[in-house]
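Here is how the chains run, residue by residue.
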Amino acid sequence: MVKYSSVHTTFQALSDPTRQAIVERLAQVGEAPISALAAGHAMSLPGFLKHVRVLEDAGLVTTEKLGRVRRCRLVPGALDEAQAWIRTHRAFWNAQMDSLDRYLESNPPAEEP
C-alpha cells in the first residue's frame, strides 16, 4: 500500500498556476536565482517569495543563499509520492471505465418511440 502523508500538501502547493510555472521552469533549467524566476511574473518580489515558500514548505523546492543571491532548485524525488497516488487512482478509474464500457456494450440503450 502506498503511504500518502504529504500528497495533500503537494497538490495544494501545485494548485496555483504561479507555483506550477515555478516548478516547470526549474524542471527546465535545474536551478535559478529567485529574481530570475520572478522576472516572468507580474507581481512584486515579496509576493513571488510567498509562492516559493509554499513550494519549499511542501518539500518541492529548496532555496540557498549564496552571497546576495538566493537560488532555488527542485528537490529530487519530491513528486514521487504524488505520482504513486495518481498511478494508483488511475488504475482504479481505468478499471471502473472498462467495467462501464462492458456494461454499455452488453446493454444497449432502448430505442425511443
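Reference entry: report on the structure contained in this document. Fair warning: this is a prediction, and the values are worked out from it, not measured in the lab.

What counts, and where the lines are drawn
- Residues numbered from 1 in each chain as written.
- Predicted model: local features only at pLDDT ≥ 70, side-chain atom pairs only at ≥ 80, totals over all residues.
- Heavy atoms only, no water.
- Patch = residues over 30% accessible without salt bridge, like charges linked within 9 Å, V, L, I, M, F, W, Y side chains within 5 Å.
- Areas by Shrake-Rupley, 256 points an atom, 1.4 Å probe, with all protein chains shown as cover.
- Salt bridge = Lys/Arg side-chain N within 4 Å of Asp/Glu carboxyl O.
- Helix = DSSP H or I, 4+ residues; strand = E, 2+ residues; numbered from the N terminus.
- Buried < 20%, exposed > 50% of the residue type's maximum accessible area, 1.4 Å probe, protein only.
- Phe/Tyr/Trp six-rings, centres within 6.5 Å; stacked < 30°, edge-to-face > 60°.

1. Things to note about a nonpolar patch on the surface
Thought 1: A grouping of F92, W93, M97, L100, Y103 and L104 is seen on the molecular surface, where their side chains present a nonpolar patch of about 640 Å² in accessible area.
Thought 2: Tracing the backbone through its elements, the reader meets L100 in helix α5 (residues 80-106).
Thought 3: The partly exposed category is assigned to L100, whose relative accessible area is 39%.

2. A short note on the pattern of salt bridges
Thought 1: Within the structure shown, the criterion is met by 3 salt bridges.
Thought 2: E64 is the salt-bridge partner of R73, the closest N and O atoms lying 3.6 Å from each other.
Thought 3: Note on R73: relative accessible area 32%, which makes it partly exposed.
Thought 4: Connected via shared salt-bridge partners are E31, E64, R71 and R73.

3. Looking at the packing of aromatic side chains
Thought 1: Counted according to the given criterion, the structure contains 2 aromatic pairs.
Thought 2: Residues F92 and W93 carry aromatic rings whose centres are separated by 4.9 Å and whose planes lie at 80 degrees to one another, so their mutual orientation is edge-to-face.

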